[in-house]
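Structural overview for review
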Protein chains: 2
Amino acid sequence: MSDSRPVGILDSGLGGLSVCREITRLMPGERMVYLGDTAGAPLGNRSAEVIKDVARKTAVALLENNIKMMVIACDTIAAVAYETIESVVKDIPVIGGVMPCARAAALRTGNRKVGLIGTSATIRSGAFSNALQRIDESVQIHEQATPLFHALVEELILDHDITRLTAQFYLYEMIDLGVDCLILGSSCLSPLMEVIQGTVGTGMQLIDSALWTAKEAQDILTALDLRHESSAAGIDGSRFIVTQKPVDEARITGVYFGSQLPSLELRAQKQEAG
Amino acid sequence: MSDSRPVGILDSGLGGLSVCREITRLMPGERMVYLGDTAGAPLGNRSAEVIKDVARKTAVALLENNIKMMVIACDTIAAVAYETIESVVKDIPVIGGVMPCARAAALRTGNRKVGLIGTSATIRSGAFSNALQRIDESVQIHEQATPLFHALVEELILDHDITRLTAQFYLYEMIDLGVDCLILGSSCLSPLMEVIQGTVGTGMQLIDSALWTAKEAQDILTALDLRHESSAAGIDGSRFIVTQKPVDEARITGVYFGSQLPSLELRAQKQEAG
C-alpha cells in the first residue's frame, strides 16, 4: 500500500523546518503540510499552560489537512505537550523528538554520561531525562537550558565569535564532566551543529533532534505501511504555513531547510469559540 | 494637596522594575503598585496585535488598584500600544518612556546623530524615531534592534565577555557613524548600562529609559499637584504583582531594582469574557 496523504509537521516557530529538511532527505517522495505558529513564537521560556494551549490549537488546525501522521517538530511542544496533542489526534500516529533522541543517546554513549541542551521549558519538563531513565537507568544526565543559543539562531548569528563563546559558556561543564553524547533537544539548534561540534570536540557525539525525529517518522511510516514512494519530489507538492510571516523569510528558511523552500503561506489566526 | 494613592506601574515582564528603582530614588515617599505580565513575557519579538492585547488586559487589571497615574514601564508596550492603553485609562495620566527619552536625546546630542536600541517590536513601531523627528527634524536616527541584549539580561549574563562582544556587534556601526547620544529604549537594558558605556566610550551619552520614564512621572505628578511627600518609605507600602513567578526571584529582581525588593505576589490570570 502506498499512502499519498501528506505528513503533517507541527511547529511553534520555524525551527521545525530542520525536521522537514531531514524528512525530504530520507523520504524524498513524501509530501508535507507544515504549520508553524510563528505568531506565538518563541515558546521556550513560556509556561507549560501556554505551551499546551498553543500545541492544542496548532494540532487541531493541522488536522484539517488530511494528514497521515503528525510529526511534532518543536521539541518544546514534544517535551511539554505530547499528551495534549495525543488527546486531540485520534486516528493517526503522533511522533516527536523525545523518544528517538533518548534511544539514540542510550545506544551511543560509551560512559553513560549524556548531555542535554534545549529550551528552559524543555529542561524544566524533564521529558528527555525521564525517557532516558526509562530506557537505561544507569545513564547520568547533565542538562543545560540554552536560551541564548535560541536567540542567536533567531538572529541568524551562527558562525560568529559570540556563538562560539556562548557554546563554551554553556558546554564547558559537560566537557569537564566527560559527557560523551550530547542531545540537541531542540530542532532549532540544528543550524548550530558545526559550532557546537567545534566547541566540544570529536569526543562528544551530537544527537540532532531534527535528524532523529525524521528517522522516527520514517520508521513508523514504514512499519505501518504508510510510505509513499514516488518519483515526483514531495517537496514540490508540500505546503508551509505560518501564522505570521518572518521579516527575512528566504534567509531564515534557508538556515533551517538548507536550500530553497517553497514560499511560506500565511494562515489567518482564527478566534476560537472554546 | 497630597495624593496618597499609589503610582501604577505596568510591565510586560520584570525589566520595568528598573523604572521602580528610579521612582523610589527620585520620590522615596511614593507607593507603587507594579503589575508585570511575566506569564506572557517576553514581548519583544511579538506582533503589534499580541502586544496591544497584553497591554490592554494588563492596564485593565492595574486600574483595579486605585492608582493616581499609570506608568508604562515596558518600552515595547509604550512604543506599540500607548493609544491602546490611553483608550482604557480615562481619568488619570498615562506616561511612557518614548517622549521623555526623545526629548532628552534631542537636548543632549551635539552633532544631531542619535542612536536607538530596543526590542524588534519597538524598532519596527518607529515610535521613538517619530517622536524625535517631531521634536527636531534635523536629527538623524540610527536604530538597532538588540534581541540578544534582552536574552542576556534575562539570563543574568551581564558582566561577561559574551555581553561585551554582543555590545561590540550591535554598536560598532553607531560608533563608526559618530553617534553622540544613544537611547536605551527598553527599561530591561538598564542593567547593561555599564557594559554598553564601556563599549561605546565616554564620547557617547546614554539615555536610560528607566531613569527618564521615572523623571517624567515625577514631572507630571508635580505639575498636577499629585505628589505624596511622606517620611514613610513608599517602597514599604508598595506591591509587586506578577502573573508568573520567576525561577530565580531574588537574583532577577535584584538586577533590575538594585536592592531588596518586597516579595513578588502572584496574580491569577483571569479568563476574559470579551
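Quick note: structure is the one above.
Residues numbered from 1 in each chain as written. Chains lettered and ligands numbered in written order. Predicted model: local features only at pLDDT ≥ 70, side-chain atom pairs only at ≥ 80, totals over all residues. Heavy atoms only, no water.

**Quick look at the relation of the copies chain A and chain B**
The two copies are related by a screw motion: chain A maps onto chain B through a turn of 180° and a shift of 0.0 Å along the axis, at an RMSD of 0.0 Å. These values place the two chain copies in the arrangement generated by a two-fold rotation axis. The rotation axis passes nearest to the C-alpha of A:Ile162 in chain A, at a distance of 2.9 Å. (Least-squares fit on C-alpha atoms with pLDDT ≥ 70 in both.)

**Side note on the interface of chain A and chain B**
Contacts between chain A and chain B engage 24 residues on the former and 24 residues on the latter. Here chain A meets chain B over a buried area of about 2,000 Å², counting both sides, of which 63% is carbon and sulfur. The largest contributions to the chain A side of the interface with chain B come from A:Arg46, A:Leu148 and A:Ile162, which together make up 26% of the buried area. On the surface where chain A and chain B come into contact, there are zero salt bridges. Taken together, the links from chain A to chain B amount to four residue pairs in polar contact (both at pLDDT 80 or more). For the side of chain A that touches chain B, the secondary-structure elements that each account for two or more residues are α7 (147–154) and α8 (161–177) of chain A. The biggest single contributor to the side of chain A that touches chain B is α8(A), with six residues. Split into classes, the residues belonging to the side of chain A that touches chain B amount to 14 nonpolar, six polar and four charged. (Contact = heavy atoms within 4.5 Å. Buried area = accessible area lost by both parts, 1.4 Å probe. Salt bridge = Lys/Arg side-chain N within 4 Å of Asp/Glu carboxyl O. Polar contact = N/O pair within 3.5 Å; in protein donor to acceptor, adjacent residues only side chain to side chain. Helix = DSSP H or I, 4+ residues; strand = E, 2+ residues; numbered from the N terminus. Nonpolar A, V, L, I, M, F, W, Y, C, P; charged D, E, K, R; others polar.)

**Notes on the nonpolar core**
Core analysis: the biggest nonpolar cluster contains 102 residues, and A:Phe149, A:Leu171, A:Ile196, B:Phe149, B:Leu171 and B:Ile196 have the highest contact counts within it. In this structure A:Phe149 touches A:Ile117, A:Thr163, A:Thr166, A:Ala167, A:Tyr170, A:Leu171, A:Leu189, A:Leu192 and A:Ile196, once residues within four positions along its chain are discounted. (Core = buried A, V, L, I, M, F, W, Y, C linked by side-chain atoms within 4.5 Å. Buried < 20%, exposed > 50% of the residue type's maximum accessible area, 1.4 Å probe, protein only.)

**As for the packing of aromatic side chains**
Residue and element names in this part refer to chain A. Applying the stated criterion across every chain, the model contains eight aromatic pairs over all chains. Considering the side-chain rings of Phe 169 and Tyr 170, the 5.4 Å spacing of their centres and the 55° angle between planes classify their relative orientation as tilted. Look at Phe 240 and Phe 257: their rings are 6.4 Å apart centre to centre, the planes differ by 65°, and that puts the pair in the edge-to-face class. Within this pair, whereas Phe 240 is found in strand β9 (residues 239–242), its partner Phe 257 is found in helix α11 (residues 249–257), the two being separated by 17 residues in sequence. Classification of Phe 240 as buried rests on a relative accessible area of 1%. The class of Phe 257 is buried, set by a relative accessible area of 6%. In textbook terms, an aromatic cluster arises when at least three aromatic residues are bridged by ring pairs, as seen for Tyr 34, Phe 240 and Phe 257. Above the face of the Trp 212 ring, Lys 215 is positioned so that its terminal group lies 5.1 Å from the ring centre. (Phe/Tyr/Trp six-rings, centres within 6.5 Å; stacked < 30°, edge-to-face > 60°. Lys NZ or Arg CZ within 6 Å of the ring centre and 35° of its normal.)

**Considerations on the pairing of strand β8 (residues 205–208) of chain A**
Residues and elements named next belong to chain A. Examined bridge by bridge, strand β7 (residues 181–184) and β8 share four bridges and lie parallel to one another. By the bridge assignment for β8, Cys 181 is matched with Gln 205. Between the parallel pair β7 and β8, the chain is carried across by helix α9 (residues 193–200), and the sense of this crossover is right-handed. (Pairing = 2+ DSSP bridges. Right-handed = clockwise from strand over helix to strand, strands pointing away.)

Everything listed here is a matter of coordinates, which is why it stays silent on function.
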